[in-house]
Amino acid sequence: AQSVTQPDIHITVSEGASLELRCNYSYGATPYLFWYVQSPGQGLQLLLKYFSGDTLVQGIKGFEAEFKRSQSSFNLRKPSVHWSDAAEYFCAVGASPGTYKYIFGTGTRLKVLA
Amino acid sequence: DVKVTQSSRYLVKRTGEKVFLECVQDMDHENMFWYRQDPGLGLRLIYFSYDVKMKEKGDIPEGYSVSREKKERFSLILESASTNQTSMYLCASRAGGTNSPLHFGNGTRLTVT
């Protein structure tokens with residue numbers, strides 16, 4: 001069955017430190033992969049997406065993610081975290097073309113220490 | 001930029017009431033979605049609409065119905081609200097298939113007492 005796992009429910013980092021949020025997926029074919037961010041009381045905003053090609057994808061707000069097929073992973077990274085990055089982050093997989101299914105992870109809540 | 005607008009940020013309703021959650025998108029997207037978000041459960045799809053008057057049940061349609069009379073508007077209806085429907089409800093739209101990202105509204109936090 002298709003699934004998305006975000007193993008870290010909470011992560012705390014200091015402002016200025018680097019960040020890596022983990023995402024593992026289970027999917028038969030090459031997936032369409034997304035990272036979203038949700039600030040408190042808000043909807044989800046797209047950070048970046050991967051369909052094919054270069055496995056290192058750049059997104060908004062200084063985020064990047066790397067697709068590793070061998071590890072079934074799509075981890076999100078940022079070299080230097082800002083206090084405004086405190087939010088919840090969701091990894092998602094778009095299922096087969098022609099369907100409407102997206103599979104979301106359960107989210108990782110990021111806390112940033114000043 | 002795509003704008004998805006949900007009419008209410010917060011709603012408080014009583015058990016048994018009929019509740020309407022409204023969503024409007026301004027990018028002429030064919031596809032619209034209603035998700036429910038609960039802590040530890042992520043996002044769960046309630047209903048999907050791929051065209052006017054066309055809909056598909058998602059993973060948790062029980063207790064909900066939807067209406068899409070115009071392309072830009074997708075309504076979620078709780079026929080008889082219950083306390084277990086207290087949740088955050090997110091509307092989304094997209095331009096194409098699952099290689100297209102979803103564009104989300106800001107959500108409606110519904111409390112049923």
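Our subject in this report is the structure included herewith. (Residues numbered from 1 in each chain as written. Chains lettered and ligands numbered in written order. Predicted model: local features only at pLDDT ≥ 70, side-chain atom pairs only at ≥ 80, totals over all residues. Heavy atoms only, no water.)

Quick look at the nonpolar core
Threshold: Here, nonpolar core refers to any group of buried Ala, Val, Leu, Ile, Met, Phe, Trp, Tyr and Cys residues whose side-chain atoms link them within 4.5 Å. Categorising residues by exposure relies on relative accessible area from a 1.4 Å probe, with only protein chains included: less than 20% of the type maximum marks a residue as buried, more than 50% marks it as exposed, and the intermediate range marks it as partly exposed. By the criteria applied, helices consist of DSSP H or I runs no shorter than four residues and strands consist of E runs no shorter than two, each listed in order from the N terminus. The contact definition used throughout considers only heavy atoms, calling two residues in contact when any of these lie within 4.5 Å.
Residues A:Leu19, A:Trp35, A:Leu47, A:Leu48, A:Phe74, A:Leu76 and A:Tyr89 are the most contacted members of the largest nonpolar core, which totals 29 residues. Elements with a minimum of two residues in this core: β2 (10-14), β3 (19-21), β5 (32-38), β6 (44-50), β8 (64-68), β9 (73-78), β10 (87-94) and β12 (108-113) of chain A. Looking at this core element by element, the count peaks at 4 residues for β10(A). Those residues in contact with A:Phe74, other than ones at most four positions away along the chain, are A:Cys23, A:Leu33, A:Phe34, A:Trp35, A:Leu48, A:Tyr50, A:Ala65, A:Glu66 and A:Phe67. Grouped together as the second largest cluster of nonpolar side chains are 20 residues, B:Cys23, B:Met32, B:Val66 and B:Leu76 included.

Quick look at the pattern of salt bridges
Put simply, the rule reads: The term salt bridge refers to a pairing of a side-chain nitrogen on Lys or Arg with a carboxyl oxygen on Asp or Glu at a separation within 4 Å.
Within the structure shown, the criterion is met by 12 salt bridges over all chains. Residue A:Glu88 pairs with A:Arg109 through a salt bridge whose shortest N-O separation is 3.0 Å. One end of the pair, A:Glu88, is in strand β10; the other, A:Arg109, is in strand β12, with 21 residues separating them in the sequence. With a relative accessible area of 13%, A:Glu88 lands in the buried category. Residue class for A:Arg109 comes out partly exposed when judged on its relative accessible area of 40%. Notably, a salt bridge pairs A:Lys101 with B:Asp59, separated by 2.6 Å at the nearest N-O pair.

Focus: the state of the cysteines
Convention followed: Here, a disulfide means two cysteine sulfur atoms that sit within 2.5 Å of each other.
Inspection of every chain in the model, using the stated rule, returns 2 disulfides over all chains. For A:Cys23, the disulfide goes to A:Cys91, at an S-S distance of 1.9 Å. Judged by the torsion about the S-S bond (-65 degrees), the A:Cys23/A:Cys91 disulfide is left-handed. Of this pair, A:Cys23 sits in the loop between β3 and β4 (24-26) while A:Cys91 sits in strand β10, placing them 68 residues apart in sequence. A relative accessible area of 0% means that A:Cys23 is categorised as buried. Here B:Cys23 pairs with B:Cys91 through a disulfide, and the sulfurs are 1.9 Å apart.

A word on the interface of chain A and chain B
Inclusion rule: When two parts are brought into contact, each loses some accessible area as probed by a 1.4 Å sphere; the total of that loss over both is the buried area. Here a polar contact means two N or O atoms within 3.5 Å. Within protein one must be a hydrogen donor candidate and the other an acceptor candidate, and residues neighboring in sequence count only if both atoms are side-chain atoms. Residues are grouped as follows: nonpolar covers Ala, Val, Leu, Ile, Met, Phe, Trp, Tyr, Cys and Pro; charged covers Asp, Glu, Lys and Arg; every other residue, Gly included, is treated as polar.
Listed as interface residues are 23 residues of chain A and, on the opposing side, 24 residues of chain B. Surface buried jointly by chain A and chain B totals about 1,900 Å² across both partners, of which 55% is contributed by carbon and sulfur atoms. Taken together, the links from chain A to chain B amount to 7 residue pairs in polar contact (both at pLDDT 80 or more). Contributions of two or more residues to the side of chain A that touches chain B are made by β5, β6, β10 and β11 (102-104) of chain A. Residue contributions to the side of chain A that touches chain B peak at 4 residues, all from β5(A). Its residues assigned to classes, the side of chain A that touches chain B comprises 12 nonpolar, 9 polar and 2 charged.

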